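Observations on the model geometry
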Amino acid sequence: MNAEAQLQELWDVESIKRMRASVSRLLDTKRWEEFGDRFTADAVLEAPEAGLRCVSRTEIVKLVSAGMDGVRSVHHLHAPEITITGPDSATGIWAMSDSLERASAQGPTVMTGYGHYVERYERHDGDWRVQLLRLERLRIDN
Amino acid sequence: MNAEAQLQELWDVESIKRMRASVSRLLDTKRWEEFGDRFTADAVLEAPEAGLRCVSRTEIVKLVSAGMDGVRSVHHLHAPEITITGPDSATGIWAMSDSLERASAQGPTVMTGYGHYVERYERHDGDWRVQLLRLERLRIDN
Amino acid sequence: MNAEAQLQELWDVESIKRMRASVSRLLDTKRWEEFGDRFTADAVLEAPEAGLRCVSRTEIVKLVSAGMDGVRSVHHLHAPEITITGPDSATGIWAMSDSLERASAQGPTVMTGYGHYVERYERHDGDWRVQLLRLERLRIDN
């Protein structure tokens, strides 16, 4: 690979990491409009272990914002493996953990989970967006 | 942006990530002199949720080292969003978690917290340093 | 450092981060053959706090796969400090946490730990591999 191509790839990898980091931040701070902007219009969200599959940016925002209603959530991303697969496409794997605190009559309960996000990204109009986000669980602790 | 500017920006982003990673490592291993070296002389530390604001490298080292006395601390950094804002200035957001173990008569107690560090960096004499470190909390579990 | 050398260093740093991320993923998904491929033939694994030292790729795979048998493990990597030390050699420090769930007659028990991986990497036949992995513990919670 020549120097120009290497530089472009490193630039794209860093852009994708930064964009994806913002998705989790916007989720945990419940900024749903900006959160939605990070997905392609035809994006797919999958969590096979939970029997969940959701298609389109609109449906993803609706489902995730409803699911996080009343929840104080923390979603952490670890150690990305980003691969550029074309001029405007890429894949990524991130280790993840989440901690969801729900109010209940007996006081707050916390669910902690672990797994990997297996993802695809596409560049549209100069901006990288999430086209596929699949959560593969390792474990959920209650 | 031309290739030269892209390369310089990627280089600076990696330098800042590495420097900031060392701040948390030096904190958790209580190496206070090296910890202090990572801050500018006029650095500001803020934790609004805790009503805390501290100005100057000297005060930051004094406050943090006193606060961690007798504590076995873990401070983890996740998924940085670094933005270069000038030839020698940058901003950053990191997701974070901390886990602080304190001894007590009833045995050790652990406090676990989550949030984001919202930061500014400056380059002085060739080295990037932290000029602002503000901790915005999402949640504290006891 | 000239532009060509900077680009090569950034490329190598990203390659090492991605390779190392895969080591933890292959460990937690118990893909032992691919896990082993990430180590040099003469690699060393050390965990001084546990009195553990293990030499050679073969021994590392044997020890780690036996240790994780029946364990649902999570190993997370945080905030790398990678330093290129030669054309085919590098060092790295990563903050880490692990959470190991073991079945028992009284139900599953979880051990959570924190520390730093202090590591060396070497490039063989174009691929970066782990030559030394030493775990320095900050704390283990039961």
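Our structure's up above, just so we're on the same page.
**Notes on the sheet that holds strand β3 (residues 71-86) of chain C**
Residues and elements named next belong to chain C. What the six strands build is an open sheet, ordered β2-β1-β6-β5-β4-β3; its pairing is mixed. Of all the strands in the sheet, just β2 (52-55) and β3 have a single pairing partner and so form its edges. On average, each strand axis in the sheet is tilted by 15° relative to the strand beside it, whichever way the strands run. Two elements, strand β1 (residues 39-47) and β2, share four bridges in a ladder whose sense is antiparallel. Opposite A47, over in β2, you have L52 as the bridge partner. The sheet strands contacting helix α1 (residues 3-28) are β1, β3, β4 (89-102), β5 (109-124) and β6 (127-141), and the helix crosses β3 at an angle near 165°. Sheet contacts for helix α3 (residues 57-67): β1, β2, β3, β4 and β6; angle to β1, the most-contacted strand, approximately 50°.

**A look at the relation of the copies chain B and chain C**
Each copy of the sequence occupies a distinct position, and chain B is placed on chain C by a rotation of 120° and an axial shift of 0.0 Å, giving an RMSD of 0.0 Å. What we have between these two chains is a three-fold relation. Measuring from the rotation axis to each C-alpha of chain B, the shortest distance belongs to H78 of chain B, at 3.7 Å.

**What to know about the side chain of H76 of chain A**
Summarising the element assignment, H76 of chain A is placed in strand β3 (residues 71-86). Among the polar contacts made by the side chain of H76 of chain A, one reaches the side chain of H78 of chain B at a distance of 3.4 Å. What H76 of chain A contacts, discounting residues up to four positions off in sequence, is A95, M96 and S97 of chain A together with H78, A95, M96, S97 and Y114 of chain B.

**A word on the packing of helix α1 (residues 3-28) of chain A against α1 of chain C**
Remark: α1 of chain A packs on α1 of chain C, axes separated minimally by 10 Å, with the N-to-C direction vectors making an angle of 50°. With respect to α1 of chain C, the axis of α1 of chain A lies oblique. Considering the relative orientation of α1 of chain A and α1 of chain C, their crossing is left-handed. From α1 of chain A, A3, Q6, L7, E9, L10, V13 and K17 of chain A reach across to α1 of chain C, where they touch L7, Q8, L10, W11, E14 and K17 of chain C. By residue class, the composition of the contact of α1 of chain A with α1 of chain C is seven nonpolar, two polar and four charged.

**Let's talk about the interface of chain C and chain A**
The partner chain A presents 23 residues to the 22 residues of chain C that form the contact. Taking both sides of the interface into account, the surface hidden between chain C and chain A amounts to around 1900 Å²; carbon and sulfur atoms contribute 61%. At the junction of chain C and chain A, the tally comes to three salt bridges. Residue R25 of chain C pairs with E81 of chain A through a salt bridge whose shortest N-O separation is 2.7 Å. Here chain C is connected to chain A by eight residue pairs in polar contact (both at pLDDT 80 or more). Elements represented by at least two residues in the side of chain C that touches chain A include exactly α1, β3 and β4 of chain C.

**What about the interface of chain B and chain C?**
Counting from both sides, the interface comprises 21 residues of chain B and, opposite them, 23 residues of chain C. Approximately 1900 Å² of surface area, both sides summed, lies buried where chain B meets chain C, with 61% of it carried by carbon and sulfur atoms. It is L7, W11 and R18 of chain B in chain B that bury the most area against chain C; as a group they hold 31% of the surface buried on that side. Where chain B meets chain C, there are three salt bridges. Viewed at the interface, chain C and chain B are joined by eight residue pairs in polar contact (both at pLDDT 80 or more). When residues of the side of chain B that touches chain C are traced back to their parent elements, those giving at least two are α1 (3-28), β3 (71-86) and β4 (89-102) of chain B. For the side of chain B that touches chain C, the element with the most residues is α1 of chain B, which contributes 10 residues. Here the residues of the side of chain B that touches chain C are counted per class, giving eight nonpolar, six polar and seven charged.

**Remarks on the sheet that holds β3 of chain B**
Strand-to-strand pairing in sheets goes through backbone hydrogen bonds, with the strands running parallel or antiparallel. All names here are of chain B. The sheet built from six strands is open, its strands ordered β2-β1-β6-β5-β4-β3 with mixed pairing. Single-partner strands in this sheet number two, and they are β2 (52-55) and β3. For this sheet, the mean angle separating the axes of adjacent strands, direction not counted, is 15°. Examined bridge by bridge, strand β5 (residues 109-124) and strand β6 (residues 127-141) share 13 bridges and lie antiparallel to one another. Following the sheet pairing, H124 is matched in β6 by D127. Each of β1 (39-47), β3, β4, β5 and β6 is contacted by α1, which is oriented at about 165° to β3, the strand it contacts most. The sheet contacts of helix α3 (residues 57-67) involve β1, β2, β3, β4 and β6, and relative to β1 the element is tilted by about 50°.

**Some words on α1 of chain A**
All names here are of chain A. Counted at 1.5 Å a residue, the expected span for α1 with its 26 residues is 38 Å, and the 38 Å between its end C-alpha atoms agrees. Counting buried residues in α1 gives 22 out of 26 residues, a clear majority hidden from the surface. Backbone nitrogen of E4 and a side-chain oxygen of the N-cap are separated by 3.2 Å at the start of α1; the cap is N2. Trailing α1 by a residue or two, K30 shows a phi angle of about 55°, which is positive.

Reading guide: rules and limits
- Residues numbered from 1 in each chain as written.
- Chains lettered and ligands numbered in written order.
- Predicted model: local features only at pLDDT ≥ 70, side-chain atom pairs only at ≥ 80, totals over all residues.
- Heavy atoms only, no water.
- Pairing = 2+ DSSP bridges.
- Helix = DSSP H or I, 4+ residues; strand = E, 2+ residues; numbered from the N terminus.
- Axes fitted to C-alpha atoms, helices over the stretch in contact; angles between N-to-C directions.
- Contact = heavy atoms within 4.5 Å.
- Least-squares fit on C-alpha atoms with pLDDT ≥ 70 in both.
- Polar contact = N/O pair within 3.5 Å; in protein donor to acceptor, adjacent residues only side chain to side chain.
- Parallel < 35°, antiparallel > 145°, perpendicular 65-115°, else oblique.
- Left-handed = near helix turned anticlockwise from the far one by under 90°.
- Nonpolar A, V, L, I, M, F, W, Y, C, P; charged D, E, K, R; others polar.
- Buried area = accessible area lost by both parts, 1.4 Å probe.
- Salt bridge = Lys/Arg side-chain N within 4 Å of Asp/Glu carboxyl O.
- Expected span 1.5 Å × (residues − 1).
- Buried < 20%, exposed > 50% of the residue type's maximum accessible area, 1.4 Å probe, protein only.

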